[in-house]
Every structure is written in structure tokens, then in C-alpha cells.
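# Topology and contacts: notes
The residues making up each chain are set out below.
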Amino acid sequence: MHHYSWNEKVTFRRFVEVCQRRIQEALLRYRWQEAAELLRNYFQSLEDKTTFQRRWAPEVIWRMGTEILLHHPETRDDDINSFHGQMKNIGLKIYLKVCLEHAFHMLCGGNLDEAHRGLTVAESWRYGGTYSQQELLKFIQAYRALLDYCTWCKKRSMMSKEDLEDHTETTVSQDLHNYFRQAFVTMQEIFKNPGVWDPFVISCVDMLEFYEDHEEALKLLEFYAYDKLFVPNPNAFVYLYTFLKKHQAEEKAIMKVLKQTHRMDPKTMGTQN
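The text that follows walks through the structure, step by step, so that each part is easy to find. This structure is a prediction, so every number in the text was calculated from the model and none was measured.

### Considering unusual backbone geometry
- Even without being a glycine, E212 presents a positive backbone phi close to 60°.
- Among the secondary structure elements, E212 is positioned in the loop between α10 (198–210) and α11 (214–226).

### Overview of the packing of aromatic side chains
- For the coordinates displayed, the defined rule picks out 15 aromatic pairs.
- When the ring of F139 is compared with that of W197, the centres are 6.0 Å apart and the planes differ by 40°; the resulting orientation is tilted. One end of the pair, F139, is in helix α7 (residues 131–158); the other, W197, is in the loop between α9 (171–190) and α10, and 58 residues separate them in sequence.
- Where W152 meets F210, the ring centres are 5.3 Å apart and the plane angle is 85°; that geometry is what we call edge-to-face. Of this pair, W152 sits in helix α7 while F210 sits in helix α10; the two residues are 58 residues apart in sequence, bridging distant segments of the chain.
- Classification of W152 by relative accessible area gives buried; the value is 0%.

### Re α10
- An ideal rise of 1.5 Å per residue puts 18 Å on 13 residues; α10 measures up with 19 Å between its terminal C-alpha atoms.
- Where α10 is buried, its residues contact α7, α9, α11 and α12 (234–246).
- After α10 finishes, the residue E212 shows a positive phi value of roughly 60°.

### Details of a negative patch on the surface
- A cluster of acidic residues, D77, D78, D113 and E114, forms a negative patch on the protein surface.
- Those elements that place two or more of their residues in the negative patch are α4 (77–90) and α6 (112–123).
- Secondary-structure assignment places D113 in helix α6.
- Residue classification places D113 among the exposed residues on the basis of a relative accessible area of 52%.

### Here's the deal with the nonpolar core
- By size, the foremost hydrophobic cluster in this structure holds 35 residues, and its most contacted members are M187, F191, W197 and V201.
- Contributions of two or more residues to this core are made by α7, α9, α10, α11, α12 and α13 (251–264).
- If we skip the residues at most four places from it in the chain, V201 touches F191, L220, L221 and Y224.
- Counting residues in each nonpolar core, the second largest holds 21 residues, with A26, L27, A36 and I94 among its members.

### Here's the deal with the side chain of N233
- Within the secondary structure, N233 is located in the loop between α11 and α12.
- Engagement of the side chain of N233 in a polar contact is seen with the side chain of Y224, the distance being 3.3 Å.
- Those residues within four positions of N233 in sequence are excluded, and the remaining contacts are V196, D198, Y224 and M264.

Rules used in this analysis
- Residues numbered from 1 in each chain as written.
- Predicted model: local features only at pLDDT ≥ 70, side-chain atom pairs only at ≥ 80, totals over all residues.
- Heavy atoms only, no water.
- Helix = DSSP H or I, 4+ residues; strand = E, 2+ residues; numbered from the N terminus.
- Phe/Tyr/Trp six-rings, centres within 6.5 Å; stacked < 30°, edge-to-face > 60°.
- Buried < 20%, exposed > 50% of the residue type's maximum accessible area, 1.4 Å probe, protein only.
- Expected span 1.5 Å × (residues − 1).
- Contact = heavy atoms within 4.5 Å.
- Patch = residues over 30% accessible without salt bridge, like charges linked within 9 Å, V, L, I, M, F, W, Y side chains within 5 Å.
- Areas by Shrake-Rupley, 256 points an atom, 1.4 Å probe, with all protein chains shown as cover.
- Salt bridge = Lys/Arg side-chain N within 4 Å of Asp/Glu carboxyl O.
- Lys, Arg positive; Asp, Glu negative; His and termini not counted.
- Charge placed at Lys NZ, Arg CZ, Asp CG, Glu CD.
- Core = buried A, V, L, I, M, F, W, Y, C linked by side-chain atoms within 4.5 Å.
- Polar contact = N/O pair within 3.5 Å; in protein donor to acceptor, adjacent residues only side chain to side chain.

And the structure:
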């Protein structure tokens, strides 16, 4: 192993700093090809084992590389997949961030199955166990569950009228129910954490309504709207109001929710009919 002299370390760090500044300048001026070539040189910063540079270099490379790939006119999906693969191998501390970013890219391209596989692998990954990584893991679990819901919706849409009306246990209905359980159980755990979980809540409600479990759906919506675990969220009351009105709840219950919605966001009052 080569041991750097003090002068070599100083020279190397200066090279890294200059290279980073030039990449940033190229990004600001939209010179994507120049930025890409400079980034290849910046990869050498991973050789610096003597300072914090090695610790932070993978994240800096990932952020700048992602920006370049998103804007470079000749970027292909293979380039993005290859880049994310490299970053997962060299950046243990940012592994979960890279997995989540990669899943979002695949979702934007309509590759739901690949995104689901990537998130499933990331969900089983363990390294360090820091608080920030645990928080990221919750997001990965949440989006994996949301993709389970998307698969559930797809399978539901493929069911025949006879399948939908048949309440006996069939292979088709069992397959559908398995995806429901995977999504629902994970989301129930996610809802124990503070956050704005709008798309996840309405996904759960959609599934519960399909299985005619209106009581559980109402309980979830009331929990999301009123529990102090969550920040005040007008959307939560809109979802609850819509549900109550759809299921012809008592006028008193509907007005209570509508008044609360108006107090939080008067603009929504005119949109509710």
C-alpha cells in the first residue's frame, strides 16, 4: 500500500478542491459534457484515506453525477443504472439514499417491477444502524408498500366481473389478498411515525373499501386527521369528509369535519360539495 507523504496529501487535496469547483462551475453553466469528464477525475478522491474527503466523496460524486445524468442530452437508462450500481458499491453510508433515488428514476420510466425489486433488496440491507439510516429505511419500506398497492390495483383491474362477485376463496382472489396484506401491514407500521402520508393513507382506504371494511377505513382516516402524532393537515380532513359523505354519514359528523377543514384552510370550503 502506498503511503502518502505530507506534500502529496496537500497536493492531492488541492487537486480535489479545484476539480470540485470546476465541476460546480460547469453545472451552473449547463456544460454537461465538461462536467461529466471532470467527474471522472474526481472519482480519484476516493483514494484519499487520510481526511474526511473519503467519507464525503461518494455523496458529493453521487449528487453531482445525478445532476449531470439528468441533464446530459445523451444520457441513456443504462448509464443511469450503471452509475447507481457503482455508487451502491462504493458509498455504504449513502446506499439507502442511492437505492431510493434509483427507484424513483425507475418509477418515472414506468419500470414498477424493477423499482420494487430494488426497494425490496434495500429493505433487507443493514449497515451501521444510525438514526438517519433508520429514517431512510422507513421511506424505503413505505414506497415498497406503495408499489405493492400499485400491483394490487393492477391485479384488481384484471379480474373478471365473475371473480369480483365471487366471494369464495380462489387463486385469483388469494393472490390479490396477498398483495393487500403486504401493503397494508407495512403501511400500518409506517403510520406510527410522524409525517405527511397522504398517498399511503388513501391507498389503504381504497383497499379497505374494496374489502368492505368501512369501519377500519374510517378509523384510519380519523386517526390521520385528529391524532397529535401528525402535523395539522387539511388534506386529512378532506379525505375524511369525502369518505363520510360517500358513505352517507350523519349530517352532524360531516359538518364537524367540514368546519375543521375550513378553520385550517378556508380556501377548501368552496371546493367541497
